[in-house]
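In case you want the letters, here they are:
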Amino acid sequence: MNKAALALLVHGGTENWSPERWKRRFDEVCPDRRVFQLPDAEYDPAEIHYAAVWKPVPGELAAFPNLRVIFNLGAGVDAVMADKSLPNVPLVRVSVDDLTGRMTEYVVLHVLMHHRQELYLRACQREKIWAPRFQWPAGAISVGVMGLGTLGADAAEALRRLGFRVAGWSRSLKQIEGVECFHGKPGLDAFLRRTDILVCLLPLTVQTRQILNRGLFAKLGRDSPLGAPVLINAGRGGLQNEADILQCLDDGTLGAASLDVFAQEPLPTDSPFWSHPRVILTPHNAADTDPDEISKYVARQIERFEAGGALENVVDRGRGY
Ligand code: NDP
Ligand code: OXD
């Protein structure tokens, strides 16, 4: 007999989010379960007990009267939480080593790009100029990671191993060996003061929306060999005030930025970020969700749940992440 059915609602459009690819994967990892790829599938809403989603359209999930669990196919749940009619069932997010490793690669890559003066060196190469500048050691740079959850804590550890002076900021107090931990509003200013490269891996919530703004950038450390502080944001575009970033880059409040996420994605072609000489831009691919890994993760969680076990990585709806 078939087990309870799963609905797949994937919107987004990029190659990695091909609904057909997810459908094939879920059919493989849930062979005894019917998997309906919406909106096209013929199905009875009452038989849907599980939904696996990416950027579902508000109202879509409310159509399933017997829904038991929603699985968000990424780590950040801001798009799901924006649905005012979201059914009151557990919402599970992604927290897996595969995604964490990818994000740590992105963070290390971009911290090193700025630390090792890659923008300057690439410009020299384009102009055929042989002009090495003094290169300071990693220990001369203080990196501050906003968000010390699954992703931030791992990135902080990797940066510490490379020799950077690493601090982190979170809502609740953390203890990570070799990482100076700050927390809450009272800890924010001290965290920013000692930070030369700011890495943002916060979730987008009511509390964190536009937290990356001029007021915050003005509090960052200015005494490092970098000359001016650097911003790296791989959290969400809604965390940043984009007009402030551009103005701060132009007036020297910020020296450079690596941005993976934007308020509007895809980034419109007329955005000044595309051609800004001190912006390194990536198209929201800091840490791709791998359908092979994540479909297995969801299938495992469903099996455990049906056997009476607890779901993992359930979102706290009150906190919003
Ligand atoms: P977690 O939920 O594990 O961690 C979130 C961290 O942020 C926690 O340390 C939390 O504090 C902290 N935090 C949340 N709200 C506040 C606040 N108001 N003040 C201070 N700290 C706060 O999330 P992940 O690490 O798994 O993911 C983080 C985000 O990364 C996702 O929400 C998503 O937006 C983004 N992401 C981006 C990707 C990309 O490709 N660009 C890919 C994957 C994720 P505490 O520990 O005290 O709860
Ligand atoms: C995620 C993402 O949240 O891909 O996992 O942005």
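Residues numbered from 1 in each chain as written. Chains lettered and ligands numbered in written order. Predicted model: local features only at pLDDT ≥ 70, side-chain atom pairs only at ≥ 80, totals over all residues. Heavy atoms only, no water.

Caption draft 1: A look at the packing of aromatic side chains. According to the stated counting rule, one finds 10 aromatic pairs in the structure shown. On the basis of an interplanar angle of 55 degrees and a centroid distance of 5.7 Å, the ring pair of Phe 262 and Phe 273 is categorised as tilted. With a gap of 11 residues between them, Phe 262 in the loop between strand S11 (256-259) and strand S12 (279-281) and Phe 273 in the loop between S11 and S12 connect regions that are remote in the sequence. Here Phe 262 matches Phe 273 in class, with each residue buried. An aromatic cluster of at least three residues, connected via ring pairs, comprises Trp 17, Trp 22, Phe 26 and Trp 54. Between the NZ or CZ atom of Arg 133 and the centre of the ring of Tyr 120, over which it lies, the distance is 3.6 Å. Across the ring face of Tyr 321, the terminal group of Arg 319 is positioned such that the distance to the ring centre comes to 4.2 Å. (Phe/Tyr/Trp six-rings, centres within 6.5 Å; stacked < 30°, edge-to-face > 60°. Helix = DSSP H or I, 4+ residues; strand = E, 2+ residues; numbered from the N terminus. Buried < 20%, exposed > 50% of the residue type's maximum accessible area, 1.4 Å probe, protein only. Lys NZ or Arg CZ within 6 Å of the ring centre and 35° of its normal.)

Caption draft 2: View of the site of ligand 2. Lining the immediate environment of ligand 2, one finds Trp 54, Gly 74, Ala 75, Gly 76, Arg 236, His 284, Ala 287 and Thr 289. Between ligand 2 and Ala 75, the relevant distance is 2.6 Å, taken from an oxygen atom to a main-chain nitrogen or oxygen of the residue. His 284 places a side-chain nitrogen or oxygen 2.7 Å from an oxygen atom of ligand 2. The fraction of the free accessible surface of ligand 2 (210 Å²) that becomes covered by protein chains is 89%. In the shell around ligand 2, the residues fall into three nonpolar, four polar and one charged. (Near = heavy atom within 4 Å. Polar contact = N/O pair within 3.5 Å; in protein donor to acceptor, adjacent residues only side chain to side chain. Areas by Shrake-Rupley, 256 points an atom, 1.4 Å probe, with all protein chains shown as cover. Nonpolar A, V, L, I, M, F, W, Y, C, P; charged D, E, K, R; others polar.)

Caption draft 3: Fine view of the sheet that holds strand S3 (residues 48-54). Strand order in the open sheet made by the five strands is S2-S1-S3-S4-S5, with parallel pairing throughout. Strand pairing shows two members of the sheet lacking a second neighbour, strand S2 (33-37) and strand S5 (91-92), which therefore form its edges. Pairing analysis gives six bridges linking strand S1 (residues 3-10) to S3, with the strands arranged parallel. Paired with Leu 6 across the bridge in S3 is Tyr 50. Contacts between helix H1 (residues 19-29) and the sheet are confined to S1, S2 and S3, with S1 contributing the most and set at about 160 degrees to the helix. Across the sheet, helix H9 (residues 291-306) touches S1, S2, S3, strand S4 (69-72) and S5, and the angle it forms with S1 is around 145 degrees. (Pairing = 2+ DSSP bridges. Contact = heavy atoms within 4.5 Å. Axes fitted to C-alpha atoms, helices over the stretch in contact; angles between N-to-C directions.)

Caption draft 4: Spotlight on the sheet that holds strand S10 (residues 230-233). If you walk across this open sheet you meet the seven strands as S8-S7-S6-S9-S10-S11-S12, and the pairing is parallel. Because the sheet does not close on itself, it has two edges, and the strands there are strand S8 (180-183) and S12. Direction aside, the axes of adjacent strands within the sheet are offset by 15 degrees on average. As defined by bridge partners, strand S6 (residues 142-146) adjoins strand S7 (residues 165-170) across five bridges and the pair is classed as parallel. Pairing of Gly 144 across the sheet is with Ala 167, part of S7.

Caption draft 5: Inspection of the site of ligand 1 at higher detail. The environment of ligand 1 is formed by 30 residues, the closest being Arg 93, Ser 172, Lys 174, Asp 260 and Tyr 321. Within the side chain of Arg 93, one N or O atom sits 2.8 Å away from an oxygen atom of ligand 1. In isolation ligand 1 exposes 940 Å². Once the protein is present, 92% of that is buried. At the level of elements, helix H3 (97-115), helix H5 (150-161) and S7 are the ones that each hand at least two residues to the shell around ligand 1.

Caption draft 6: Spotlight on the nonpolar core. Among the nonpolar cores identified, the biggest contains 55 residues, and Phe 26, Leu 73, Val 107, Val 111, Leu 159, Val 199 and Val 298 are the most heavily contacted of them. Setting aside anything within four residues of it in sequence, one finds Val 111 in contact with Val 143, Leu 159, Phe 164, Ile 197, Val 199 and Ile 232. (Core = buried A, V, L, I, M, F, W, Y, C linked by side-chain atoms within 4.5 Å.)

Caption draft 7: Structural view of the pairing of strand S9 (residues 197-200). Burial along S9 is two-sided: Ile 197 and Val 199 facing one way and Leu 198 and Cys 200 facing the other are all buried. Strand direction decides the pairing type here: S9 and S10, joined by four bridges, are parallel. Of the residues in S10, the one forming a bridge with Val 199 is Ile 232.

Caption draft 8: Region of interest: the pattern of salt bridges. In total, this model carries 18 salt bridges according to the counting rule given. Close ionic contact of Lys 3 with Glu 303 constitutes a salt bridge, the shortest N to O distance being 3.3 Å. One end of the pair, Lys 3, is in strand S1; the other, Glu 303, is in helix H9, and 300 residues separate them in sequence. On the basis of relative accessibility, which here comes to 28%, the residue Lys 3 falls in the partly exposed class. The exposure class assigned to Glu 303 is partly exposed, which follows from its relative accessible area of 37%. Here Lys 219 makes a salt bridge to Asp 189, at a shortest N to O gap of 3.2 Å. Of this pair, Lys 219 sits in the loop between helix H7 (214-217) and S10 while Asp 189 sits in helix H6 (residues 184-193); the two residues are 30 residues apart in sequence, bridging distant segments of the chain. Looking at Lys 219, the relative accessible area reads 39%, which means it is partly exposed. (Salt bridge = Lys/Arg side-chain N within 4 Å of Asp/Glu carboxyl O.)

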